[in-house]
There are 2 protein chains.
Amino acid sequence: MMTELPLDQVRTLLAAVDEGTFEAAARALSVTPSAVSQRIKALEQRTGRVLLLRSKPVRLTESGEVVVRFARQVARLEQDAAAELGLPESGEPARVSVAVNADSLATWFLPALTRIGRTGRVALELHREDEEHTTRLLRQGTVMAAVTATPAPVQGCSVRGLGRMRYRAMASPAFAERWCGGDGAIGALLRAAPVVVFDRRDDLQDRLLRELDPAGTGGGVRHHVPASESFLDAVVAGLGWGLLPELHVAARGVRGQLRDLVPGRAVEVPLYWQQWKLDSPALAELAGEVVRAAAQALGEQGVQGKQRADGA
Amino acid sequence: MMTELPLDQVRTLLAAVDEGTFEAAARALSVTPSAVSQRIKALEQRTGRVLLLRSKPVRLTESGEVVVRFARQVARLEQDAAAELGLPESGEPARVSVAVNADSLATWFLPALTRIGRTGRVALELHREDEEHTTRLLRQGTVMAAVTATPAPVQGCSVRGLGRMRYRAMASPAFAERWCGGDGAIGALLRAAPVVVFDRRDDLQDRLLRELDPAGTGGGVRHHVPASESFLDAVVAGLGWGLLPELHVAARGVRGQLRDLVPGRAVEVPLYWQQWKLDSPALAELAGEVVRAAAQALGEQGVQGKQRADGA
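Residues numbered from 1 in each chain as written. Chains lettered and ligands numbered in written order. Predicted model: local features only at pLDDT ≥ 70, side-chain atom pairs only at ≥ 80, totals over all residues. Heavy atoms only, no water.

Of the regular secondary structure elements, chain A holds 13 helices and 11 strands. Put simply, chain A has 312 residues, and 50% of those count as buried. For chain A, the proportion of contacts with a sequence separation of at least 24, taken over those separated by at least 6, is 73%. Of the roughly 14,100 Å² of accessible surface on chain A, a fraction of 51% belongs to carbon and sulfur atoms. (Helix = DSSP H or I, 4+ residues; strand = E, 2+ residues; numbered from the N terminus. Buried < 20%, exposed > 50% of the residue type's maximum accessible area, 1.4 Å probe, protein only. Contact = heavy atoms within 4.5 Å. Areas by Shrake-Rupley, 256 points an atom, 1.4 Å probe, with all protein chains shown as cover.)

Here you go:
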């Protein structure tokens, strides 16, 4: 039944979601806004479901998400088939949409995609999202693959392990002196100190505190700095302590400007690769590059971390 | 009338919005979820308006936004008054919530706030948002100040000019050779070349193309890389051309790895500082630091840009 959905109507739905409003979708498709409205209404009558909330920007209903995911998967297969048949390019390069967490994007992820992107055959569309929430974009059909924090597969997706990002509790030497130089367990000292967190959803620092100081309550001043580079800069500048990815500290060459506050103790975040279960060469190539880059970066990191813990 | 809104009900509304669900708000306030629900219902009856959409996460209605902005402004004034009276700190540091665009956060913005943050008297809460859309957070009352792209004041806010971010069309030498080495106007060459854009809303690159090649249509492959550092990394790696902030290129020391594709031509984005009109010392201090940092960074940049344009 799904394959009987008229392609122009499905494309119109996609355009409305991508562009945010009927007016913008109309411009993108070179039709009138009322044509956009009519096509979507027709698609809703055909499926017997409300697909789109007419908010600003428009939003998909759960049924709408199913249709959109279907449409994007068909587009992917269509592009693969055209490439395999050696058909002339439609002018539209294959769009590779991937959701990735900020710290991965700031460290190991980009080089893998850059290799694919430079071939000129694909257009990369990265979405930066918390690793706990990338699965939502996958479920909605916004992306065809994602770096996630969970191995539980989204429906219709396959899962592979990527390795672990290792974080260490770091601060500037002056900050460490002031807040962690006194008597007392490090957990209690850290709990009282100013801390830098990524945003409201970031509980990585709290997780460490709960491990180090399970009985403690309350906490120090919390600063929210929602960008990986600025987060690292803020910790180096002495705004607070924070959990920094070992990879990032090494890549930026700022290890000498930081103290490891809890030596030998890393917080590890396992990462997974989830992608649509489709027999698509483009997706397979993408997965290959990402898994290889992760193995190299997160593997090397593991060894470094071990050496450091042994030598510290 | 507004001041007769019971403070516990208003605080409950704030907690629901900040935490996202009634359950999380209940945990944060140490009450039951049904108490949260009752208080919000009572506040809605008192105001005669629906304040909150019971979605996941919950969302404010327009009336809800007014109440929340009012509540946050009262909290700000209360903290200022307590500080001025020399009252003992409540344990809660003053929260300074600011919306800022990604490129400002990656370049000139953070040092200004770090100085304030390190005093230990305030908790910084930065929101990273497109400069065209930071005004929305201001209007909603989510932030008390914002770096915006528009001088049109949000209701209840004052505006000051900060200067201009200057962007240049850059690419790797190999990319420049391949895509811009041939015959033809630079506008047409750039239009056909792969381009890196920040996200779907970023039309900075398109703006330059419209100026250089007004009659042109279509375009090359578009890659979306939604993080300032990764955006710069992607351009350096040769994924596409892109508009890079002069400040960022200088700070990262990658000028030697990049070609200026349109020498003497910078795209300028004027930035403004908007903040609540409140007689608040904390806000005034914040504004002072930000305006000073902007004058220094965007001023120096202006001089550099001029020298470069003259010397190129």
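Residue and element names in this part refer to chain B. Tallied over the entire structure, the rule returns four aromatic pairs over all chains. A ring pair is formed by Trp108 and Phe109, whose centres lie 5.4 Å apart and whose planes are at 80 degrees; its orientation type is edge-to-face. Relative accessible area serves as the criterion here: at 5%, Trp108 is assigned to the buried category. (Phe/Tyr/Trp six-rings, centres within 6.5 Å; stacked < 30°, edge-to-face > 60°.)

With the rule as written, the count across this model stands at one cavity of 30 Å³ or more. Among the secondary structure elements, those contributing two or more residues to the lining of the largest cavity are helix H5 (102-106) and helix H11 (228-236) of chain A together with helix H5 (102-106) and helix H11 (228-236) of chain B. Partitioned by chemical class, the residues of the lining of the largest cavity number seven nonpolar, four polar and four charged. (1 Å grid on protein atoms, 1.4 Å probe; cavity = no way out; pocket = protein on both sides within 12 Å on 5 of 7 lines; lining within 4 Å. Points joined across faces, edges and corners; volume = space filled by probe spheres on them. Nonpolar A, V, L, I, M, F, W, Y, C, P; charged D, E, K, R; others polar.)

What follows covers the interface of chain A and chain B. Size of an interface, as often reported, equals the accessible area lost when the parts are brought together. Chain A puts 34 residues into the contact, and the matching count from chain B is 34 residues. Note on chain A versus chain B: buried area summed over both sides is about 2,900 Å², and carbon and sulfur give 56% of it. Between chain A and chain B we count two salt bridges in total. For Arg200(B), the salt bridge goes to Glu125(A), with nearest N and O atoms at 3.1 Å. Here chain A is connected to chain B by 12 residue pairs in polar contact (both at pLDDT 80 or more). Only H5, helix H6 (109-117), strand E4 (122-128), strand E8 (222-224) and H11 of chain A provide two or more residues apiece to the side of chain A that touches chain B. Here the element with the most residues in the side of chain A that touches chain B is E4(A); it accounts for seven residues. Taken together, the residues that form the side of chain A that touches chain B break down as 15 nonpolar, eight polar and 11 charged. (Buried area = accessible area lost by both parts, 1.4 Å probe. Salt bridge = Lys/Arg side-chain N within 4 Å of Asp/Glu carboxyl O. Polar contact = N/O pair within 3.5 Å; in protein donor to acceptor, adjacent residues only side chain to side chain.)

The transformation that overlays chain A on chain B combines an axial shift of 0.0 Å with a rotation of 180 degrees, and the residual RMSD is 0.1 Å. When the rotation and shift are considered jointly, the pair of chain copies conforms to a two-fold rotation axis. Among all C-alpha atoms of chain A, that of Glu229(A) lies closest to the rotation axis, at 3.5 Å. Counting the interface residues of chain A, we find that 100% of their copies in chain B are interface residues as well, pointing to one common contact surface. (Least-squares fit on C-alpha atoms with pLDDT ≥ 70 in both.)

Residues and elements named next belong to chain A. Its 13 residues give helix H1 (residues 7-19) an end-to-end C-alpha distance of 18 Å, which sits within 8% of 18 Å, the value for a rise of 1.5 Å per residue. Buried residues of H1: Gln9, Val10, Thr12, Leu13, Leu14, Ala15 and Ala16, and no others. Of the residues trailing H1, Gly20 is marked for its positive phi of about 100 degrees. (Expected span 1.5 Å × (residues − 1).)

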